Structures are given as C-alpha cells and as structure tokens.
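Each chain, written out:
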Amino acid sequence: MGQIVKQKVLAYITRENDGKTELLVFSHKDHPQAGLQVPGGGVEDDELLIDALYREIEEETGLKRDELQLQGKLHKQMYYSEDRSKYYERNYFHLALKRPVENEWDYTVESDGKDDGLRFHFEWRPIEEASKLAADMDNAVDWLEQIQ
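Residues numbered from 1 in each chain as written. Predicted model: local features only at pLDDT ≥ 70, side-chain atom pairs only at ≥ 80, totals over all residues. Heavy atoms only, no water.

We count it as follows: UniProt positions are given in the numbering used here, feature names are shortened, and annotations may be inferred rather than shown by experiment.
The name given to the protein in an unreviewed UniProt entry is NUDIX domain-containing protein, with the source organism recorded as Jeotgalibacillus haloalkalitolerans. Reading the Sequence similarities (unreviewed entry) entry of the UniProt record for the protein gives the comment "Belongs to the Nudix hydrolase family."

## Structural notes on the overall build of the protein
Note the threshold: Numbering of helices and strands runs from the N terminus, with a helix taken as a DSSP run of H or I at least four residues long and a strand as a DSSP run of E at least two residues long. For the radius of gyration, the atoms used are the C-alpha atoms, and the globule rule reads 2.2 Å times the number of residues raised to 0.38. The charged-residue count follows a simple rule in which Lys and Arg add positive charge and Asp and Glu add negative charge, with His and chain termini not counted at all. Taken as the charge centre is NZ of Lys, CZ of Arg, CG of Asp or CD of Glu, depending on the residue.
Along its length, the protein carries 2 helices and 7 strands. Of the regular secondary structure in the protein, the N- to C-terminal order runs β-β-β-α-β-β-β-β-α. For 148 residues, the compact-globule estimate of 2.2 N^0.38 gives 15 Å, and the C-alpha radius of gyration of the protein, at 15 Å, lies within 12% of that figure. Projected onto the principal axes, the alpha-carbon positions of the protein cover approximately 50 × 35 × 30 Å. Of the side chains in the protein, 19 bear a positive and 32 a negative charge, and the two mean positions are spaced by 1 Å.

## Structural notes on unusual backbone geometry
Defined as follows: Buried residues are those whose accessible area, probed at 1.4 Å on protein chains only, stays under 20% of the maximum for their type, while exposed residues exceed 50% and partly exposed ones sit between those limits.
With a phi angle near 50°, Ala 135 is a residue other than glycine that sits in the positive phi range. Take Ala 135: it is sitting in the loop between strand E7 (119-126) and helix H2 (141-146). On the basis of relative accessibility, which here comes to 39%, the residue Ala 135 falls in the partly exposed class. Phi is positive for Asp 136, which is not a glycine, with a value near 55°.

## A short note on the environment of Leu 97
As a reminder, the rule being used: What makes two residues a contact is simply this: any of their non-hydrogen atoms within 4.5 Å.
By the secondary structure assignment, Leu 97 is in strand E5 (residues 86-97). By relative accessible area, which is 15% here, Leu 97 ends up buried. In this structure, the C-alpha to C-alpha distance between Leu 97 and Arg 55, residues 42 residues apart in sequence, is 16 Å. When near neighbours in sequence (up to four residues on either side) are disregarded, Leu 97 contacts Ile 13, Thr 14, Arg 15, Leu 63, Glu 67, Leu 68 and Trp 124.

## Re the pairing of strand E1 (residues 5-17)
Test applied: At least two bridges found by DSSP between two strands are what make those strands a pair.
The sheet contact formed by E1 and E5 spans 10 bridges and is parallel. Considered in E5, the bridge of Ile 13 is made with Leu 95. Of the strand pairs in this sheet, E1 and strand E3 (residues 40-42) are connected by 3 bridges, and their pairing is antiparallel. Its bridge partner lying in E3, Leu 10 is registered against Gly 40. Counting the residues between successive antiparallel strands, the hairpin from E1 to strand E2 (residues 20-28) contains 2 residues, one of them, Asp 18, with a positive phi of roughly 50°.

## Some details on the pattern of salt bridges
Oppositely charged side chains can pair when the atoms bearing their charge come close. Put simply, the rule is: A side-chain nitrogen of Lys or Arg and a carboxyl oxygen of Asp or Glu constitute a salt bridge if their distance falls within 4 Å.
Applying the stated criterion to the full structure yields 11 salt bridges. For the salt bridge of Lys 29 with Asp 106, the shortest nitrogen-to-oxygen distance reads 3.3 Å. Taken together, the residues Lys 29 in the loop between E2 and E3 and Asp 106 in strand E6 (residues 104-108) connect sequence positions 77 residues apart. Classification of Lys 29 as partly exposed rests on a relative accessible area of 36%. Where Asp 30 meets Arg 119, a salt bridge forms, and the shortest distance between an N and an O atom there is 2.7 Å.

Printed below as a string of structure tokens:
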C-alpha cells in the first residue's frame, strides 16, 4: 500500500544580482497555464529528503549539487491538492547558487520518470515577486525574506 501523504521537496534557489536577492522560477513551455513554479517534486520510497531535493533540481534545471550551497530548511507544510484529491507534505529548502548562470534559459527534462521531455523556461525574479507562484508554492517566501 502506498503512502497516504506523499512527501515533496521544493527548492528556493537564490542568487545575488546587483545587491538584490533573486529567486529561480520556471514556467512550462507547453503548459503556460500551470503558472510560475520553483523546482521540486516527489520523494521516492526510501529516499532521503536531501537526496530527493538535489535529484529534482538536477532533473528540472540541469544545475548540479556542487553548484549549489544548501542554506537550510525553511518550512514544512501540509498541502491538499484539490485537482488530485491528495495530501502532500511539502518540505521547502533554501539553496544559494555558487556560480554565475544566464538570466534566463530553457531546459528539457531527461529522466526515467513521467517528467521526461517536459520543457521549462527558467528565469530569475526578485524575491518580492515570488508571492505570485502557482499552487501555493510561495508559502515559504516569508521565511526566505526574514533571513535576507
């Protein structure tokens, strides 16, 4: 029997740009109605949260574990997805980018999972604009702003 509550990880990846903190967000190129999101996804059975976090980041963004510095866990929240009629335990983590990257880029997911082939458009947005994330993915932005 599967878990009643599915664990998820969400990555708030930030960088400093001209003295301002920016958050990495993405939109689905083929499904723009999904709105702005942050990297993240489900935790596999017997997988540690931290391993799921880095796996999802790499699958969705192409960024590698050694390019990021874990700043800490921001928040944990129970989230009910009405369209899936399911509860999720969302674990929000803050990571800082350790190297320069483009301001915007497109990335196609390559994985063995259902996300294979998804096309995302990534961009950096000021933290204060992060309150507009889809599916309540912005629920830990206040925690992120408090540590800035």
